[in-house]
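Understanding the architecture of this molecule
Each chain, letter by letter, is given below.
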Amino acid sequence: MADDLRDFRAPIDLHTHSRMSDGTQSPEELVRSAAGVGLGTVALTDHDTTAGWTDAAATASEIGITFIPGIELSTRYGWQSVHMLGYLFDPADEPLTAELERIRSARLTRAESIVERLSADFDLTWDDVLAHAAPGAAVGRPHIADALVTKGLVPDRSAAFATLLHPRGGYYEPLYSPTPLDGVRLIRAAGGVPVLAHPATRGRDRIIKDVYLRRLIDSGLAGFEIDHRENTDDGKAELRRIAAEHDLVLTGSSDHHGEGKPNRLGENTTSPQALERILDESAYLARGV
Ligand code: AMP
Ligand code: FE
Ligand code: FE
Ligand code: ZN
């Protein structure tokens, strides 16, 4: 894998989802779409699962596009959900896989509990939700949203998130998640490279403030996903300054979810220099697997 990866081509999109979490395409379809829009390199970063890696990698090598294995780990900072991208780690690493299993199992219990409460007021069952999740997928609110759409209770996913599935919508439950610091440590210990996903969605009002951010950086946080449609200009400017100060990597990505979100493959991209740094920092890759 090491030699092939060094031959990557631009454009580079380092954040996408398949049906193994809340995207609407299979890993194979996703990689074919990436090649179809002219990307040279694509990462698959499903929420809390690596289940799509094998199919995505096989398709990528078949059609001649570079595949970067990744994940978007759910973490929690106080009451706030914080997404941590991780690249090129050992998918068999025991502590990380144990934590991922714990999160995915919590996802199921939590989704069932949200649906139970919704079912008291609406015609919605757990089977309706399962019908929208691929076998083995990391289940989440997007699948509940899809079931609500099918039942005609909301017009689309976004409407579901803005109303019934909103944290203040009356049915929400938080998801068990490790802290961002645990996330950074777990990904690094598995030989991977942690990058904070869309960290500037709320302008200068960052969820993670300076002192804790410093701890993440000191513990191995590699960089920020800076070019992402939900990051604000204000927030990006500030994060660029912090990144320069600590010599962090800056990435850009689409966060494509197929038809599940308007984000389109390649709408934001990562520079070849940034990807080189990520490859350089992967201890898993350095082991020559
Ligand atoms: P969960 O992890 O189950 O709490 O669900 C959060 C996921 O829902 C995120 O990963 C997003 O990809 C997705 N999501 C959040 N807001 C929206 C939205 N407005 N439309 C579609 N998907 C969304
Ligand atoms: Fe998502
Ligand atoms: Fe995210
Ligand atoms: Zn994402």
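Before any of the text, the structure's been laid out above.
Conventions and cut-offs
- Residues numbered from 1 in each chain as written.
- Chains lettered and ligands numbered in written order.
- Predicted model: local features only at pLDDT ≥ 70, side-chain atom pairs only at ≥ 80, totals over all residues.
- Heavy atoms only, no water.
- Buried < 20%, exposed > 50% of the residue type's maximum accessible area, 1.4 Å probe, protein only.
- Helix = DSSP H or I, 4+ residues; strand = E, 2+ residues; numbered from the N terminus.
- Arc of directions from axis to C-beta.
- Contact = heavy atoms within 4.5 Å.
- Donors = N, O, S within 2.8 Å, 3.2 Å for Na, K, Ca; no water.
- Tetrahedral: all angles 85-135°; square planar, octahedral: opposite > 155°, others 65-115°.
- Near = heavy atom within 4 Å.
- Polar contact = N/O pair within 3.5 Å; in protein donor to acceptor, adjacent residues only side chain to side chain.
- Areas by Shrake-Rupley, 256 points an atom, 1.4 Å probe, with all protein chains shown as cover.
- Nonpolar A, V, L, I, M, F, W, Y, C, P; charged D, E, K, R; others polar.
- Pairing = 2+ DSSP bridges.
- Axes fitted to C-alpha atoms, helices over the stretch in contact; angles between N-to-C directions.
- Core = buried A, V, L, I, M, F, W, Y, C linked by side-chain atoms within 4.5 Å.

1. Details of helix α2 (residues 27-36)
Listing the buried residues of α2 in full gives Pro 27, Leu 30, Val 31 and Ala 34. Looking straight down α2, one finds that the buried residues subtend no more than 95° of arc, so they occupy a single side. If you follow the buried residues of α2, they end up packed against β2 (41-44) and α3 (53-63). Following α2 by one or two positions, Gly 38 has its phi on the positive side, about 95°.

2. Points about the coordination of the iron ion (ligand 2)
Of the protein atoms, only Asp 22 (OD), His 47 (NE2) and His 257 (NE2) coordinate the iron ion (ligand 2), at distances of 2.1 to 2.2 Å. All donors to the iron ion (ligand 2) come from one chain, and their sequence spacing reads D-x24-H-x209-H.

3. As for the coordination of the zinc ion (ligand 4)
Every protein donor of the zinc ion (ligand 4) is accounted for by His 15 (NE2), His 17 (NE2), Glu 72 (OE) and Asp 255 (OD), and the metal-donor separations fall at 2.1 to 2.2 Å. Taken together, the four donor atoms surrounding the zinc ion (ligand 4) define angles of 77 to 167° at the centre, an arrangement classified as irregular. Expressed as a motif, the donor residue spacing for the zinc ion (ligand 4) is H-x1-H-x54-E-x182-D.

4. Observations concerning the site of ligand 1
By nearness alone, 14 residues border ligand 1, and His 47, Arg 110, Arg 141, Phe 161 and His 257 come closest of all. At 3.3 Å, a side-chain N or O of Lys 261 approaches an oxygen atom of ligand 1. For ligand 1, whose free accessible area comes to 500 Å², the fraction covered by protein is 83%. Secondary structure elements with two or more residues in the shell around ligand 1: α4 (94-121), α6 (141-150) and α7 (157-162). By residue number, the principal contributor to the shell around ligand 1 is α7, which donates three residues. Tallied by class, the residues present in the shell around ligand 1 amount to two nonpolar, six polar and six charged.

5. Remarks on the pairing of strand β7 (residues 249-252)
Consecutive side chains along a regular strand alternate between the two faces of the sheet. Judged from the four bridges that link them, strand β6 (residues 223-227) and β7 form a sheet pairing that is parallel. Looking across to β7, one finds that Gly 223 is bridged to Val 249.

6. Comments concerning the environment of Tyr 87
Tracing the sequence through the fold places Tyr 87 in strand β4 (residues 80-87). Apart from the residues lying within four places of it in its own chain, the contact partners of Tyr 87 are Leu 14, Ala 43, Thr 45, Ile 68, Pro 69, Gly 70, Gly 192, Val 193, Val 195 and Ile 278. Polar side-chain contacts of Tyr 87 include one of 2.5 Å to the backbone oxygen of Leu 14.

7. Here's the deal with the sheet that holds strand β1 (residues 12-13)
Within the open sheet, the seven strands sit side by side as β1-β2-β3-β4-β5-β6-β7. Their pairing is mixed. Looking at strand neighbours, the two that pair on one side only are β1 and β7, the edges of this open sheet. Note: strand β5 (residues 193-196) against β6, two bridges, orientation parallel. The residue bridging Val 195 from the neighbouring strand is Gly 223, located in β6. Of the strands in this sheet, β2 and β3 (66-77) are in contact with α3, which crosses β3 at around 155°. Relative to β7, helix α11 (residues 272-281) is tilted by about 120°, and along the sheet it contacts β1, β2, β3, β4, β5 and β7.

8. Some details on the nonpolar core
Of all hydrophobic cores here, the largest spans 41 residues; its most connected members are Leu 196, Leu 213, Leu 216, Leu 221 and Phe 224. Among residues more than four places away in sequence, those in contact with Leu 216 are Pro 180, Leu 181, Val 184, Ile 208 and Leu 221.

9. A short note on the pairing of β4
The buried count for β4 comes to six of eight residues, which makes it a mostly enclosed element. In this antiparallel pair of consecutive strands, β3 and β4, the connection spans two residues, and Gly 78 shows a positive phi of 65°. One ladder, built from four bridges, connects β4 with β5; its direction is antiparallel. Residue Leu 85 lies in a different strand from β5, and its bridge partner there is Val 195.

10. Section: the side chain of Glu 99
Looking at where Glu 99 falls in the secondary structure, it is placed in helix α4. Ignoring anything within four residues of it in the chain, the contact list for Glu 99 reads Tyr 176, Pro 178 and Leu 186.

11. Quick notes on unusual backbone geometry
Put simply, Ala 10 and Pro 11 share a cis peptide bond, and its omega is -10°. Its place among the elements puts Pro 11 in the loop between α1 (2-6) and β1. We note that Asp 247 has phi near 55°; this positive angle belongs to a residue other than glycine. By secondary structure assignment, the location of Asp 247 is in the loop between α10 (233-246) and β7. Unusually for a residue other than glycine, Asp 255 sits at a positive phi of about 65°. Assignment of secondary structure puts Asp 255 in the loop between β7 and α11. Look at Asp 255 and you get buried, because its relative accessible area is 2%.

Take it as geometry only, folks, not as evidence of what the structure does.
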